[in-house]
Amino acid sequence: MPLPRIPFARFRYASLTPSWARQPSCLQPRHCAKPHHMRRNSTYTQGNSQAADIRSNSILPQGRVVIPDYPIEINDRKVSVNGKDLPNIWLRDNCQCSSCMHPDTKQRMLDTFTIPQDIAINNASVSDHGVRIEWSDNHSSLYPRALLLQAASPPTQRSIIRLGLPPTLTLWGSEIGHAPPIEHHPSPSSSSSSTLPLAAILSKIRTHGFCYIDATPPTPSATSALLTQIAFIRPTHYGAFYDFTSDLSSADTAYTTLALPAHTDTTYFSDPAGLQAFHLLSHTRGAGGASLLVDGFKAASDLHAADPAAYAVLSSVNVHAHASGNRGISIQAHRGFPVLQHDGATGALLQVRWNTADRAGVELPVHEAGRWYDAARKFDALLKKRENEYWEQLTPGRVLVFDNWRVLHGRSAFTGERRVCGGYVNRDDWISKYKMVTMGQEKVLAHLASG
Ligand SMILES: C[N+](C)(C)CCCC[C@H](N)C(=O)O
Ligand SMILES: O=C(O)CCC(=O)C(=O)O
């Protein structure tokens with residue numbers, strides 16, 4: 001089956017090829033007779049691995065769920081959607097009945113590979129509700145129309161619910177400071193329940209990459225309670241809910257008065273923290289300590305437009321990180337990861353992983369490392385452009401919650417006593433909550449088989 005048309009800059013993933021040998025062909029002038037993004041469909045094979053092109057005609061992870069109204073027909077004892085037959089094994093494996101799928105846990109009860117390889121349709125009928133099938137193994141199934149249409153949709157459409165994509169993604173620079181995304185904590189005295197406007201908060205974080213929750217009681221307990229309404233706090237070697245100051249109680253520069261350049265946290269974990277929160281509780285007898293936010297997706301989008309080759313390097317060369325300050329600890333992820341990570345199904349940008357302080361090795365033969373540094377320097381310059389920096393002095397009562405997979409943060413140096421509390425939330429946990437409060441469980445579950 002021909003690969004989808006790849007209209008734009010592309011890069012390659014070779015799953016089995018050693019990463020140092022993995023490089024976008026556009027970096028190999030001899031192989032790249034014309035600019036890479038001008039080349040049409042092609043499948044690359046490198047060594048024994050099939051490296052498919054990842055489409056990136058738009059790297060931005062956004063989209064509205066549109067269920068296409070494809071024709072559904074029964075042809076020659078096959079179910080065909082939009083003119084293409086659905087494999088019987090896929091249909092039988094995704095039977096939604098209560099004996100094949102646990103009605104409460106939504107787990108598959110059917111042992112997939114007890115389905116005969118030659119499973120066939122004895123009878124099938126199409127209605128407005130969907131397709132009813134009587135199988136050759138004497139089982140009957142009813143497939144909702146939406147499930148079949150979603151399964152036949154293009155990868156970008158099928159990924160929207162899986163990834164929990166927002167309808168629109170708003171990229172920003174320093175101008176966001178004029179109208180930052182803000183929600184308000186329900187004041188305890190108000191008659192309304194003390195539950196947070198979670199759908200609004202998480203929608204703002206999914207769209208902008210961060211949100212303030214103003215009027216939060218300036219206490220660790222209120223901050224912790226706020227976070228746990230999103231999902232459980234992720235414990236790390238810094239503890240779970242963190243309440244820190246410049247006492248080096250943890251051997252990390254965050255626990256000093258030093259300035260911290262824009263970075264994402266926990267790049268040394270296989271699964272970096274998804275959300276991070278800061279609530280400045282107090283700052284006495286000193287000055288400074290302003291917070292910096294940079295939209296990593298905007299910087300990546302600018303790099304993609306300005307220098308696709310550099311973008312491709314940062315999307316394919318793996319980088320290692322470490323946390324080794326605390327005694328008896330040296331944490332590293334199980335493998336290296338590129339600075340710019342993409343969804344394998346759609347090519348959409350998923351994560352920016354950038355921390356100069358915590359970086360360990362670059363996964364290239366050392367004599368080739370220069371090409372990663374050249375590309376990284378371009379990204380670094382974009383991160384440090386004044387118009388991409390949003391500086392804000394946090395104040396007690398204003399909780400900052402941001403997407404640590406997209407938004408970089410930092411701070412200016414400070415003097416005096418400064419106390420900040422907050423916590424991490426796992427990526428998958430907050431995206432799950434986002435889906436529940438914005439899409440609803442039924443809609444999310446209906447798309448699992450085709451996601
Ligand atoms: C947030 N808290 C103060 C608990 C820890 C900060 C850790 C910062 C670390 N260098 C990283 O980038 O992950
Ligand atoms: O102290 C701050 O405002 C930020 C600290 C920081 O960057 C971090 O904890 O990663």
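Residues numbered from 1 in each chain as written. Chains lettered and ligands numbered in written order. Predicted model: local features only at pLDDT ≥ 70, side-chain atom pairs only at ≥ 80, totals over all residues. Heavy atoms only, no water.

### Some details on the sheet that holds strand S5 (residues 84-85)
In step 1: Pairing is antiparallel across the open sheet formed by three strands, whose spatial order is S3-S4-S5. The open sheet has two edge strands, strand S3 (72-75) and S5, and neither has a second partner. (Pairing = 2+ DSSP bridges. Helix = DSSP H or I, 4+ residues; strand = E, 2+ residues; numbered from the N terminus.)

### Points about the sheet that holds strand S8 (residues 140-144)
In step 1: With respect to topology, three strands assemble into an open sheet ordered S6-S7-S8, the strand pairing being antiparallel. Across the chains shown, the open sheet's two edge strands, defined by having one partner strand only, are strand S6 (121-126) and S8. Going across the sheet, the axis of each strand differs from the next one's by a mean of 15 degrees, ignoring polarity.
In step 2: One ladder, built from five bridges, connects strand S7 (residues 130-135) with S8; its direction is antiparallel. (Axes fitted to C-alpha atoms, helices over the stretch in contact; angles between N-to-C directions.)

### So, the site of ligand 2
In step 1: Residues in close proximity to ligand 2 include Phe-244, Ala-254, Leu-260, His-263, Asp-265, Gln-276, Phe-278, His-409, Arg-411 and Arg-418, which together make up its full environment.
In step 2: His-409 is positioned such that a nitrogen or oxygen atom in its side chain is 2.9 Å from an oxygen atom of ligand 2.
In step 3: Within the side chain of Arg-418, one N or O atom sits 2.7 Å away from an oxygen atom of ligand 2.
In step 4: Relative to its free-state accessible area of 300 Å², ligand 2 is covered by the protein chains to the extent of 93%.
In step 5: If you map ligand 2 onto the pockets, it falls in the second largest pocket.
In step 6: Counting residues per element, the ones that place at least two in the shell around ligand 2 are strand S12 (260-263), strand S13 (275-284) and strand S21 (407-411). (Near = heavy atom within 4 Å. Polar contact = N/O pair within 3.5 Å; in protein donor to acceptor, adjacent residues only side chain to side chain. Areas by Shrake-Rupley, 256 points an atom, 1.4 Å probe, with all protein chains shown as cover. 1 Å grid on protein atoms, 1.4 Å probe; cavity = no way out; pocket = protein on both sides within 12 Å on 5 of 7 lines; lining within 4 Å. Sits in = over half its atoms within 2 Å of the grid points.)

### A few points about the nonpolar core
Side chains of a nonpolar character, in soluble globular proteins, are inclined to be buried together.
In step 1: Ranked by size, the top nonpolar core spans 30 residues in total, and within it Leu-314, Val-339, Leu-340, Trp-354, Trp-372 and Phe-379 carry the most contacts.
In step 2: Within the residue set of this core, elements represented by two or more residues are strand S14 (291-295), helix H6 (296-306), helix H7 (308-316), strand S17 (349-352) and helix H8 (369-383).
In step 3: The biggest single contributor to this core is H8, with six residues.
In step 4: In this structure, Phe-210, Tyr-268, Phe-278 and Val-407 belong to the second largest nonpolar core, which totals 25 residues. (Core = buried A, V, L, I, M, F, W, Y, C linked by side-chain atoms within 4.5 Å. Buried < 20%, exposed > 50% of the residue type's maximum accessible area, 1.4 Å probe, protein only.)

### Quick notes on the site of ligand 1
In step 1: Residues in close proximity to ligand 1 total 15 residues, the closest being Asp-252, Thr-266, Tyr-268, Asn-355 and Asp-358.
In step 2: A distance of 2.7 Å is found between a nitrogen atom of ligand 1 and a side-chain nitrogen or oxygen belonging to Asp-252.
In step 3: Asp-265 has a polar side-chain atom sitting 3.0 Å from an oxygen atom of ligand 1.
In step 4: Taking 390 Å² as the accessible area of ligand 1 by itself, protein coverage stands at 96%.
In step 5: Of all the cavities here, the one that holds ligand 1 is the second largest pocket.
In step 6: Class assignment for the residues of the shell around ligand 1 results in seven nonpolar, five polar and three charged. (Nonpolar A, V, L, I, M, F, W, Y, C, P; charged D, E, K, R; others polar.)

### Looking at the environment of Ile-59
In step 1: Inspection of the secondary structure puts Ile-59 in the loop between strand S2 (49-52) and S3.
In step 2: With 287 residues separating them along the chain, Ile-59 and Thr-346 place their C-alpha atoms 8.7 Å apart.

### Let's talk about the packing of helix H4 (residues 198-208) against helix H9 (residues 427-438)
In step 1: Contact geometry for H4 and H9: axes closest at 9 Å, N-to-C directions at 120 degrees. Judged by the angle between their axes, H4 and H9 are oblique. Here H4 and H9 pass one another in a crossing that is left-handed. For the pair H4 and H9, the contacting residues are Leu-198, Ala-199, Leu-202, Ser-203, Ile-205 and Arg-206 in the first and Arg-427, Trp-430, Ile-431, Lys-433, Tyr-434, Val-437 and Thr-438 in the second. (Parallel < 35°, antiparallel > 145°, perpendicular 65-115°, else oblique. Left-handed = near helix turned anticlockwise from the far one by under 90°. Contact = heavy atoms within 4.5 Å.)

### Looking at the UniProt feature "domain: Gamma-butyrobetaine hydroxylase-like N-terminal" (unreviewed entry) in the chain
In step 1: Mapped onto this numbering, the UniProt entry gives "domain: Gamma-butyrobetaine hydroxylase-like N-terminal" (unreviewed entry) at residues 84-145.
In step 2: The span residues 84-145 carries 11% helix and 31% strand; its end-to-end C-alpha distance comes to 15 Å. (UniProt positions renumbered as here; feature names shortened; annotations may be inferred.)

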